Amino acid sequence: MARFDEDDAFEGAVSLSARAMARTGAGMRPEPYLDGLNPAQREAVETMDGPVLMLAGAGTGKTKALTCRIAHLMTTGRAQLNEVLAVTFTNKAAREMKDRIGALLGGSIEGMPWLGTFHSVCVKLLRRHAELVGLKTSFTILDTDDQIRLLKQLILAANMDEKRWPARMLAGLIDGWKNKALTPDRVTGGETAAFDHRGSELYAQYQERLRTLNAVDFGDLLLHMVTIFQKYPDVLERYQRWFKYILVDEYQDTNVAQYLWLRLLAQGHKNICCVGDDDQSIYGWRGAEVGNILRFERDFAGAKVIRLEQNYRSTEHILAAASKLISGNEGRLGKTLWTEAQGGEKLRLIGHWDGEEEARWIGEEVEALSRGTRGMAPYGLESQAILVRASHQMRAFEDRFLTIGMPYRVIGGPRFYERMEIRDAMAYFRLAISPEDDLAFERVINTPKRGLGDKAQQKIQIEARENGVSLVEGARLLLAQGGISGKGAGQLRAFVANVDRWNAVVRAASPAAARSPAEDDDELFEVLDDAVPPANDHSHLRLAEEILEDSGYVAMWQNDKTPEAPGRLENLKELIKALEQFENLQGFLEHVALIMDNESKDSEAKVTLMTLHGAKGLEFPVVFLPGWEDGLFPSQRSMDESGMKGLEEERRLGYVGITRAEEVCYVSFAGNRRVYGQWQSQMPSRFIDELPPEHVDVMTPPGLNGGGYGSGYGQSTLGSQIDARAASADVYNSPGWKRLQTRGVQSQTPSRPRAVTVENEFDVGDRVFHKKFGYGEVMGTEADKLVVEFDKAGTKKLIASFVVPADTADDVPF
DNA sequence: AATTTAGTCCTTTTT
DNA sequence: GGACTAAATT
């Protein structure tokens, strides 16, 4: 587990590199890792000085190149591990690099202190220089939830209608500005019109509020550091000299702020190596600028561009399909991926009647593959993944997997630290550490219920504001002057006393909590080197338990009779357990703020369910790509908001999806899908027509032309092939697919033709039957859709093919 | 003050 | 269908 006790990492780092040097001296071949590299990778490793841009296609071994490069810097004595800055986007990537570097250099190490995500590195830096932007070194990091609540308050205070101007929207705007490294005063031009012309004004207020709360949000971590580097050249210079080499992973995902940050740091020696793949840029919506790749050669004159093009991951068919798809994008830097692998399975394309059937089919296919009944060696559940465009697609699969008892894991779903009970508990911890944390106070003051409702809370707010103090102090004053009555008063008094007591324990345990920032730069790195982690006596564990007990929070869930209560108590226990690995509550909270991941490590084999975004950087022998339907994938919203750029990003997402597969890749779509509870007929994704027919096996069952495919886009090469192949049905006569065909005929064929042809057959007043809603009467018709007033289910708008005349209901085996 | 109910939006992707 | 909010009910 990554640690945020920044100081102790140095010991291991230094001794490791000493060991590596010693080995060199002992006459062993110093660079055994070079042998396993292809020429391009080797060049990327050995070109150590000056700017390098490594364009690494999917599955071309870029992490290998990157980690070998770091190892090479060590063994050639260019730098110490703690003088290398290496940034990634995800904690997972950072962890993997640490592990692999450790393995290369022959020892397991806690890690390089400056290898981490942009955010975690920035936290470390900002803790040292917080005072330069008006913060205390103990600042807290707000998550999106806190951010939204804060903004909501500001919007209300500005007398704006929070319905028309939702806090989420403002949060998005502010995030966008921060991604572009724009401080409130720099928001200009058309942007000032944002949010009823009050966007930048509210942004300024928000920043002010954060400062008084001694807090930062995610965007601030980078923004503040950029500000500091720009305003204090001496600070910047220190770091320019300290970081002798800079490496950047997933460079295509950097936003403007990150780009500026990197450019500032690399300005001196220009030993910067950026690794990226413009074809895998999928975070444009979050402010990532593919343009940063193009700018690289301009900003770093004489940059060496190295292309990694040999793919070690996928079969030739999968690679060919992915390459063909991505070739539809314009303005690529261009790479030609190739592989030595020959043969293998073609991409498999299959259409389904609706989303539920798609989930059912995939569930059965996963099971069949895992038992090896597809004429192939078995693929265990852990080697299969289902990658969806949007997380709501996961529900169909979860439902299905639960009913058939298939073990699965969801990655990127609701995360442990985002659960209500965990966030409540952490708010209590925050309050114990710093009672002036008003956001935490607000969260838990009436959880569990203490009879302190809106009225009482308002009084506290007013009291606090009038006296310019925190909410706890406000509450204290209010109590002293008897401004609060009856039951609530006693409870509030107890609450304040609890906070005082917890805080006293925290202070007694770690006087360092109030450590002062490094005053002068000379001390900066020595402080890091010399710090010795205090002994971990686990006293914070007891405190944490006490807090949850004393506050009545545990009791609240114990008395709760709802079915989820036991699970929540279980989660709280887990939370306490997680605390063990930290020396104090502060360290833990920081860890949580930045590392929101939640990998359960139980050993049972499970299918993986996650979004395409979440899958970047991963690979699986078998990959399922469901929901390839226009509007869903490519996402309508993406196209509406960003037009051609959006479509191209979606296409890259498809490319990422296909290239996750090593051996087998399924693409599927459904003819009908429920969207916002309404049935919609779906068109197969335009990307399906862009796949190369010679690398695709079409497996679509017959009788499925009602969804409208084949009438598709452009030349529709595959679209027409679908019909042809389906009609001749020869796919089904190949040995592997017999079972599928049988099942298909039994469960689908009878209802299909009828359902498809009844379109527009109804008139107002007809009695109809629907498999879910029962009987009803047609109230209106509109193209292929009907408005039906059901006897039991109310009025619904739905596709005509989903109902049948009421008198034939008995014939339809739904 | 707290719980229940009805009505309104919606849904991309996340460090 | 579900999450969230505002109104209605206890």
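Scroll up to find the structure this text is about.
Structural notes, computed from the coordinates. All values reported here derive from a predicted model rather than from experimental measurement. (Residues numbered from 1 in each chain as written. Chains lettered and ligands numbered in written order. Predicted model: local features only at pLDDT ≥ 70, side-chain atom pairs only at ≥ 80, totals over all residues. Heavy atoms only, no water.)

**Quick word on the overall build of chain A**
Part 1 of the reasoning: Within chain A, the secondary structure is distributed over 33 helices and 21 strands.
Part 2 of the reasoning: Each of the 814 residues in chain A was classed as buried or not, and the buried ones make up 55%.
Part 3 of the reasoning: Considering only contacts within chain A whose residues lie at least 6 apart along the sequence, 76% involve residues at least 24 apart.
Part 4 of the reasoning: Total accessible area on chain A stands at roughly 34900 Å², and carbon and sulfur atoms take up 50% of it. (Helix = DSSP H or I, 4+ residues; strand = E, 2+ residues; numbered from the N terminus. Buried < 20%, exposed > 50% of the residue type's maximum accessible area, 1.4 Å probe, protein only. Contact = heavy atoms within 4.5 Å. Areas by Shrake-Rupley, 256 points an atom, 1.4 Å probe, with all protein chains shown as cover.)

**A few points about the pattern of salt bridges**
Side chains that differ in sign of charge can pair as their charged atoms come close.
Part 1 of the reasoning: A complete count under the given rule lists 42 salt bridges for this structure.
Part 2 of the reasoning: With a closest N to O distance of 3.4 Å, Glu-237 and Arg-241 form a salt bridge. Taken together, the positions of Glu-237 and Arg-241, both in helix H11 (residues 233–242) and four residues apart, correspond to about one turn of that helix.
Part 3 of the reasoning: Where Asp-299 meets Arg-263, a salt bridge forms, and the shortest distance between an N and an O atom there is 3.1 Å. Taken together, the residues span a long stretch of sequence, with Asp-299 in helix H13 (residues 291–299) and Arg-263 in helix H12 (residues 256–266) at a distance of 36 residues.
Part 4 of the reasoning: What makes Asp-299 partly exposed here is its relative accessible area of 23%. (Salt bridge = Lys/Arg side-chain N within 4 Å of Asp/Glu carboxyl O.)

**A closer look at the packing of aromatic side chains**
Part 1 of the reasoning: This structure, assessed with the given rule, holds 21 aromatic pairs.
Part 2 of the reasoning: On the numbers, 5.7 Å between centres and 80 degrees between planes, the contact of Phe-441 with Phe-495 is edge-to-face. With a gap of 54 residues between them, Phe-441 in helix H18 (residues 438–444) and Phe-495 in helix H21 (residues 486–509) connect regions that are remote in the sequence. Summarising the burial analysis for this pair, Phe-441 and Phe-495 share the class buried.
Part 3 of the reasoning: For the pair Phe-582 and Phe-588, a centre-to-centre distance of 5.5 Å together with 75 degrees between the ring planes defines the contact as edge-to-face. With respect to class, Phe-582 is no different from Phe-588; both count as buried.
Part 4 of the reasoning: An aromatic cluster of three or more residues is present, and its members are Trp-114, Phe-229, Tyr-239 and Phe-243.
Part 5 of the reasoning: The ring centre of Phe-139 lies 4.1 Å from the NZ or CZ of Arg-127, which sits over that ring. (Phe/Tyr/Trp six-rings, centres within 6.5 Å; stacked < 30°, edge-to-face > 60°. Lys NZ or Arg CZ within 6 Å of the ring centre and 35° of its normal.)

**Examining H12**
What sets the pattern is the α-helix's 3.6 residues per turn: residues three or four places apart point alike.
Part 1 of the reasoning: In terms of residue burial, H12 counts as a mostly covered element, since ten of its eleven residues are buried.
Part 2 of the reasoning: Residues of H12 that are buried: Val-256, Ala-257, Gln-258, Tyr-259, Leu-260, Trp-261, Leu-262, Leu-264, Leu-265 and Ala-266.
Part 3 of the reasoning: Put simply, Asn-255 is the residue that caps the front of H12, since its side-chain oxygen is 3.0 Å from the backbone nitrogen of Ala-257. (Polar contact = N/O pair within 3.5 Å; in protein donor to acceptor, adjacent residues only side chain to side chain.)

**Considering the protein's contact with DNA strand B**
Part 1 of the reasoning: Around DNA strand B, the structure places 23 residues, and the nearest of them are Phe-89, Arg-389, Ser-391, His-392 and Arg-637.
Part 2 of the reasoning: Expressed as a percentage, the sugar and phosphate content of the atoms of DNA strand B within 4 Å of the protein is 57%.
Part 3 of the reasoning: Separating a sugar or linking oxygen of DNA strand B from a backbone N or O atom of Phe-89 is a distance of 2.3 Å.
Part 4 of the reasoning: One of the side-chain nitrogen or oxygen atoms of His-392 is found 3.2 Å away from a base oxygen of DNA strand B.
Part 5 of the reasoning: Of all elements in the fold, only helix H19 (454–467) and helix H28 (636–659) reach the threshold of two or more residues within the surface near DNA strand B.
Part 6 of the reasoning: Grouping the constituent residues of the surface near DNA strand B by class yields five nonpolar, ten polar and eight charged. (Near = heavy atom within 4 Å. Nonpolar A, V, L, I, M, F, W, Y, C, P; charged D, E, K, R; others polar.)

**Some remarks on the packing of helix H17 (residues 420–433) against helix H26 (residues 585–594)**
Part 1 of the reasoning: For the pair H17 and H26, the least separation of the axes is 10 Å and the interaxial angle reads 135 degrees. Accordingly, the angle class assigned to the pair H17 and H26 is oblique. Crossing angle aside, the handedness with which H17 passes H26 is left-handed. Contacts from Met-426, Phe-429, Arg-430 and Ile-433 of H17 reach H26 at Leu-585, Gln-586, Phe-588, Leu-589 and Val-592.
Part 2 of the reasoning: Along the lines of polarity and charge, the residues of the contact of H17 with H26 split into seven nonpolar, one polar and one charged. (Axes fitted to C-alpha atoms, helices over the stretch in contact; angles between N-to-C directions. Parallel < 35°, antiparallel > 145°, perpendicular 65-115°, else oblique. Left-handed = near helix turned anticlockwise from the far one by under 90°.)

**So, the sheet that holds strand E3 (residues 115–117)**
Part 1 of the reasoning: Sheet architecture is open: six strands sit in the order E3-E2-E6-E7-E1-E8, paired in parallel fashion. Each of the sheet's edge strands pairs with one partner strand only, and the pair in question is E3 and strand E8 (304–308). Going across the sheet, the axis of each strand differs from the next one's by a mean of 15 degrees, ignoring polarity.
Part 2 of the reasoning: Where helix H4 (residues 91–104) meets the sheet, its contacts fall on strand E2 (84–88) and E3, and the angle it forms with E3 comes to roughly 165 degrees.
Part 3 of the reasoning: Sitting on the sheet, H13 touches strand E1 (52–56), strand E7 (272–276) and E8, and the angle it makes with E1 is about 150 degrees. (Pairing = 2+ DSSP bridges.)

**Digging into unusual backbone geometry**
Trans peptide bonds make up most of the peptide bonds, and negative phi angles are found at most residues other than glycine.
Part 1 of the reasoning: Thr-447 connects to Pro-448 through a cis peptide bond whose omega is 0 degrees.
Part 2 of the reasoning: Positionally, Pro-448 belongs in the loop between H18 and H19.
Part 3 of the reasoning: In this structure, the amide linkage connecting Phe-633 to the following residue, Pro-634, adopts the cis form with an omega of 5 degrees.
Part 4 of the reasoning: Along the polypeptide, Pro-634 turns up in the loop between strand E13 (620–625) and H28.

**Some details on the protein's contact with DNA strand C**
Part 1 of the reasoning: Lys-152, Glu-162, Arg-395 and Tyr-676 make up every residue found near DNA strand C.
Part 2 of the reasoning: Between a phosphate oxygen of DNA strand C and a side-chain N or O atom of Lys-152, the distance comes to 3.3 Å.
Part 3 of the reasoning: Considered class by class, the residues forming the surface near DNA strand C number one nonpolar, no polar and three charged.

**Quick notes on the packing of helix H15 (residues 355–371) against helix H16 (residues 394–404)**
Part 1 of the reasoning: In contact at an axis separation of 9 Å, H15 and H16 are set at 50 degrees when each is read in the N-to-C sense. Relative to H16, the element H15 lies oblique. Handedness of the crossing formed by H15 with H16: right-handed. For the pair H15 and H16, the contacting residues are Ala-359, Arg-360, Ile-362, Gly-363 and Glu-364 in the first and Ala-396, Phe-397, Arg-400, Phe-401 and Ile-404 in the second.
Part 2 of the reasoning: The residue inventory of the contact of H15 with H16, partitioned by class, reads six nonpolar, one polar and three charged.

**Side note on the side chain of Arg-568**
Part 1 of the reasoning: Among the structural elements, Arg-568 can be located in helix H25 (residues 565–579).
Part 2 of the reasoning: Leaving out residues up to four positions away in the same chain, Arg-568 has contacts with Met-420, Glu-421 and Trp-557.

**Focus: helix H7 (residues 167–179)**
Part 1 of the reasoning: The first and last C-alpha atoms of H7 sit 18 Å apart over 13 residues, in line with the 18 Å expected at 1.5 Å per residue.
Part 2 of the reasoning: Regarding H7, the residues found buried are Ala-167, Leu-170, Ala-171, Ile-174, Trp-177, Lys-178 and Asn-179.
Part 3 of the reasoning: Of the surrounding secondary structure, the elements contacted by the buried residues of H7 are helix H6 (144–157), helix H8 (194–197), helix H9 (199–212), helix H10 (218–231) and H12.
Part 4 of the reasoning: Trailing H7 by a residue or two, Ala-181 shows a phi angle of about 60 degrees, which is positive. (Expected span 1.5 Å × (residues − 1).)

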